[in-house]
Amino acid sequence: MDDLHDPHALPRTRGLHGMDHRIVSAFRACGADPRVAGAARVLSRAGEHGAVWLAAGLAGAVVDRPRRGAWLRGTALTAGAHVAGSVVKRVVRRPRPAHVEPLVDTVGRHSFPSSHATSAAAAAVAFGALGARAVPPLAAAVCVSRLVAGVHYPSDVVAGAALGALTARLGARWMTGGPA
């Protein structure tokens, strides 16, 4: 049966919007595997309000005493990026994907940009500059988890990651103790 005669088929939309729908559908289908769904849920919960990144930054400040200030400033940059993403989200007000069943509950109903991706990318840039090698791959996993969970379009995640990386990159000199 082709899409024209299948009552459950999504309408074929074109352009970025259509590609966004198809990609999130494909990632969400990966969540049919209970192990993948479980990982997506854990990563989504850990990234809520940037919690995992704030905890990582504070832990870095405790463990790496000589660079405590840099860790705390990196944590502040990560929190600031998260806030910036939340502000943009309230301005844009793009609805979350409605064509897939979400794996997780969300705090809000708007999806652009992904605040999880914003704080994850900011932490990857900031803490990665301090040598935290585990942060960038974990940040990437949090970003992908939002697609598998079915709560963001790929363009939400890409925009959030770009905003977070840019925020952290702009604050990098301040973070490492140089002039802002």
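Residues numbered from 1 in each chain as written. Predicted model: local features only at pLDDT ≥ 70, side-chain atom pairs only at ≥ 80, totals over all residues. Heavy atoms only, no water.

In this structure, what is going on with the side chain of D156? I would like to understand it.
When you line up the elements, D156 lands in helix α7 (residues 154-170). Here the side chain of D156 touches S111 through a polar contact of 2.8 Å, side chain to side chain. Not counting residues within four places of it along the chain, the set of residues in contact with D156 comprises R94, S111, F112, P113 and S114. (Helix = DSSP H or I, 4+ residues; strand = E, 2+ residues; numbered from the N terminus. Polar contact = N/O pair within 3.5 Å; in protein donor to acceptor, adjacent residues only side chain to side chain. Contact = heavy atoms within 4.5 Å.)

It is not clear to me how the layout of surface pockets should be interpreted in this structure. Could you clarify?
Sizing a probe to match a water molecule and rolling it over the atoms shows the empty space that remains. Reported here for the largest pocket is a volume of approximately 280 Å³. In this structure, the largest pocket is lined by 15 residues; those nearest its centre are K89, R90, V107, G108 and S115. Within the residue set of the lining of the largest pocket, elements represented by two or more residues are α4 (68-92) and α5 (115-129). Residue contributions to the lining of the largest pocket peak at four residues, all from α4. Residues of the lining of the largest pocket, tallied by class, amount to one nonpolar, eight polar and six charged. (1 Å grid on protein atoms, 1.4 Å probe; cavity = no way out; pocket = protein on both sides within 12 Å on 5 of 7 lines; lining within 4 Å. Points joined across faces, edges and corners; volume = space filled by probe spheres on them. Nonpolar A, V, L, I, M, F, W, Y, C, P; charged D, E, K, R; others polar.)

How do you make sense of the packing of helix α2 (residues 34-47) against helix α6 (residues 135-148) when you look at a structure like this?
Pairs of packed helices are described in terms of their axes, by the angle between the two and the distance that separates them. α6 packs onto α2 with a crossing angle of 115° between their chain directions and a minimal axis gap of 8 Å. Viewed along their axes, α2 and α6 adopt a mutual orientation that is roughly perpendicular. By crossing handedness, the relation of α2 to α6 is classed as left-handed. Across the interface between the two elements, V36, A40, L43 and S44 of α2 pack against L138, A141, V142, S145, R146 and V148 of α6. Here the contact of α2 with α6 is built from residues that sort into seven nonpolar, two polar and one charged. (Axes fitted to C-alpha atoms, helices over the stretch in contact; angles between N-to-C directions. Parallel < 35°, antiparallel > 145°, perpendicular 65-115°, else oblique. Left-handed = near helix turned anticlockwise from the far one by under 90°.)

What is the right way to read the packing of α4 against α5 from this model?
The N-to-C vectors of α4 and α5 enclose an angle of 155°; their axes lie 8 Å apart at closest approach. The angle between α4 and α5 places the two elements in the roughly antiparallel class. With respect to the hand of their crossing, α4 and α5 are arranged in right-handed fashion. Here W71, G74, T75, T78, A81, H82, G85, S86 and K89 of α4 lie close against α5, whose contacting residues are S115, T118, S119, A122, A123, A126 and F127. Grouping the amino acids of the contact of α4 with α5 by side-chain chemistry returns six nonpolar, nine polar and one charged.

Explain a nonpolar patch on the surface here, please?
Taken together, the side chains of V83, V87, V88, V91 and V92 make up a nonpolar region of the molecular surface, amounting to roughly 410 Å² of accessible area. Summarising the element assignment, V88 is placed in helix α4. (Patch = residues over 30% accessible without salt bridge, like charges linked within 9 Å, V, L, I, M, F, W, Y side chains within 5 Å. Areas by Shrake-Rupley, 256 points an atom, 1.4 Å probe, with all protein chains shown as cover. Salt bridge = Lys/Arg side-chain N within 4 Å of Asp/Glu carboxyl O.)

Explain unusual backbone geometry here, please?
As a rule of thumb, non-glycine residues mostly have phi less than zero, and peptide bonds are mostly trans rather than cis. Residue P113 is reached from F112 by a cis peptide bond, and omega for that bond is -5°. We note that H49 has phi near 60°; this positive angle belongs to a residue other than glycine. For H49, the location among the structural elements is in the loop between α2 and α3 (51-63). A positive phi angle, near 60°, is found at R93, a position not held by glycine. Structurally, R93 is set in the loop between α4 and α5. Note on R93: relative accessible area 46%, which makes it partly exposed. (Buried < 20%, exposed > 50% of the residue type's maximum accessible area, 1.4 Å probe, protein only.)

What's the story with the environment of A122 in this structure? I'm lost.
Following the sequence through the fold, A122 ends up in helix α5. Residue A122 is classed as buried on the basis of its relative accessible area of 0%. Considered as a pair, A122 and G50 are 72 residues apart in the sequence and their alpha carbons are 9.9 Å apart.

Just distances and angles here, no functional claims.
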